[in-house]
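Spelled out, the chains give:
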Amino acid sequence: MKSLIKSNNFPLHRYDYSPKLLLSRNVVRSVSVNKGRDDDPTHGDTGTLHQSNSNNNNPPSIVITGSLSGVKNVSKIVPPYNHHSFGNSGNHPRSNANYTTRNNARLLVSGPDASGIVASFSQLLFEHNCGIVDCASESSEKDYFFDGKNGDNNLDGRHFYQRILFDTTNMNVDRTVVEMEVLEICRRFGMESQLSWGDKRRNMAIFVSKYDHCLWEMLLRHRAGELPCNIEHIISNHDDLRPVADTFGVPYSVFPVTKETKSDQEQKQVQLLTEKNIDLVVLARYMQVLSPHFCNSYPNRIINIHHSFLPAFMGASPYHRAHERGVKLIGATAHYATVDLDEGPIIEQDITRVSHRDDVKDLVRKGRTLEKNVLVSAVKAHLEDRILVHKNKCIVFGE
């Protein structure tokens, strides 16, 4: 069972993927919609909306059971997006006001391990009256890494990684002072840093093709307040998922891609992303390979979901190849997209068991749940500044 419950100035939205849900209070009405798709037998789930009676003082509770993947008439399942239901937040309809990190800044540092690093950053924050809310650090052991260019192994020294969440409510200096002193400490220890003040919501664009389950999950979890960002645009090479975007009030643009038009369409996509000031691109089962120019334009800012447990079954049709090999586990992997297909730094992974009784359709069905949950977890970690990239690895700090 996957359940998301958020309140605080919100109507209660609970998205529950269990076969059956019993409510202990409120009178509910139910509407069932058959979402089977003639062109895809793997989409045969049924979704149900339960909505409680309400009045002006108590907004209705909304409960959705089943999978929304494959819904055609989405307006009958998910109520139209109404930004007024999110209280007087002042944010535009594509942001979520429920997720707040007010006055909490995040500092990420990485570099060669040395004595005094933790003490230096802690002293800096103490001197400027900043309270440390959370602090996590990791130190890697010396190990060998393969140098693909020279074809040999090299010894990589101990590396230190740290994430500090600190309260700036009573900070007694200007931000620029803290920024300069952080840079000075990093210069002294030969480290790199990333400082986010937590008061600017990032802009995100989602790329999709025809598969809808990851898009649904992203939009629903964003509406529930789990993703601190603005979903500014949905971009696709097909028009199939426009009704989903319309349900949530997100602009949807189509760029048909062929071998002859791919380069020109990518340039238009990048131009649109630039106009929208996009900080993060999410490939939610976007079935096109991005060019090196595109990938290099957003280093460590393009998150892709691949439907296998990488590095196994890279490339196309991983479920079919997994079935042919008779695997007993299938997985999903969220990673940063790079010029090397499916070889970027891995952010999040998950697996589930399968057996010889499962055919390809069963693998696809089981994999959908993995894909959408893994993708959301990776995006959430990125938005919360919990990821440090070292070489081709991601160090992901816990929530």
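Below: a short report on this structure.

The next thing to look at is the side chain of His159. Along the chain, His159 turns up in strand S10 (residues 159–167). Given a relative accessible area of 14%, His159 falls into the buried group. Residue contacts for His159: discarding those within four places in its chain leaves Ser110, Gly111, Pro112, Asp113, Glu138, Ser139, Ser140 and His390.

On to the sheet that holds strand S12 (residues 202–208). The seven strands lie next to each other as S14-S13-S12-S15-S16-S17-S18, forming an open sheet whose pairing is mixed. Looking at strand neighbours, the two that pair on one side only are strand S14 (252–254) and strand S18 (346–353), the edges of this open sheet. Shown here is a sheet whose adjacent strand axes are inclined to one another by a mean of 20°, direction ignored. Pairing geometry for S12 and strand S15 (residues 280–283), over four bridges, is parallel. Across the sheet, residue Ile206 finds its bridge partner in S15, namely Val282.

Empty space among the atoms becomes visible once a probe the size of a water molecule is rolled across them. Of the volumes computed, that of the largest pocket is approximately 690 Å³. Around the largest pocket sit 35 residues that line it, and Met287, His306, His307, Gly315 and Ala316 are the ones nearest its centre. Contributions of two or more residues to the lining of the largest pocket are made by helix H6 (292–297), strand S16 (302–306), helix H7 (318–325) and helix H8 (360–383). Looking at side-chain class alone, the lining of the largest pocket contains 17 nonpolar, 11 polar and seven charged residues.

Bringing the packing of aromatic side chains into the picture now. Following the criterion strictly, the structure yields five aromatic pairs and no others. On the numbers, 5.2 Å between centres and 80° between planes, the contact of Phe207 with Tyr286 is edge-to-face. Here Phe207, found in strand S12, pairs with Tyr286, found in the loop between S15 and H6; they are 79 residues apart in sequence, far enough to count as distant. A relative accessible area of 0% means that Phe207 is categorised as buried. The exposure class of Tyr286 is buried, given its relative accessible area of 6%. Taking the centre distance of 5.9 Å and the plane angle of 90° together, the rings of Phe207 and Phe294 count as edge-to-face. With Phe207 in strand S12 and Phe294 in helix H6, the pair connects residues that are 87 residues apart, well separated along the chain. This pair shows no difference in class: Phe207 is buried, exactly as Phe294 is. Among the aromatic residues, ring-to-ring pairing joins Phe207, Tyr286, Phe294 and Tyr298 into one connected group. Over the aromatic face of Tyr211 sits the side chain of Arg285, whose NZ or CZ is 4.4 Å from the ring centroid.

Read from one edge of the open sheet, four strands run S7-S10-S6-S11, paired in antiparallel fashion. Two strands in the sheet have a free side with no partner beyond their single neighbour: strand S7 (131–139) and strand S11 (192–196). Shown here is a sheet whose adjacent strand axes are inclined to one another by a mean of 10°, direction ignored. Contacting strand S6 (104–112), S7 and S10, helix H1 (residues 117–127) crosses the sheet at an angle of about 20° to S10. Relative to S11, helix H2 (residues 175–189) is tilted by about 160°, and along the sheet it contacts S6 and S11.

The rules behind these values
Residues numbered from 1 in each chain as written. Predicted model: local features only at pLDDT ≥ 70, side-chain atom pairs only at ≥ 80, totals over all residues. Heavy atoms only, no water. Helix = DSSP H or I, 4+ residues; strand = E, 2+ residues; numbered from the N terminus. Buried < 20%, exposed > 50% of the residue type's maximum accessible area, 1.4 Å probe, protein only. Contact = heavy atoms within 4.5 Å. Pairing = 2+ DSSP bridges. Axes fitted to C-alpha atoms, helices over the stretch in contact; angles between N-to-C directions. 1 Å grid on protein atoms, 1.4 Å probe; cavity = no way out; pocket = protein on both sides within 12 Å on 5 of 7 lines; lining within 4 Å. Points joined across faces, edges and corners; volume = space filled by probe spheres on them. Nonpolar A, V, L, I, M, F, W, Y, C, P; charged D, E, K, R; others polar. Phe/Tyr/Trp six-rings, centres within 6.5 Å; stacked < 30°, edge-to-face > 60°. Lys NZ or Arg CZ within 6 Å of the ring centre and 35° of its normal.

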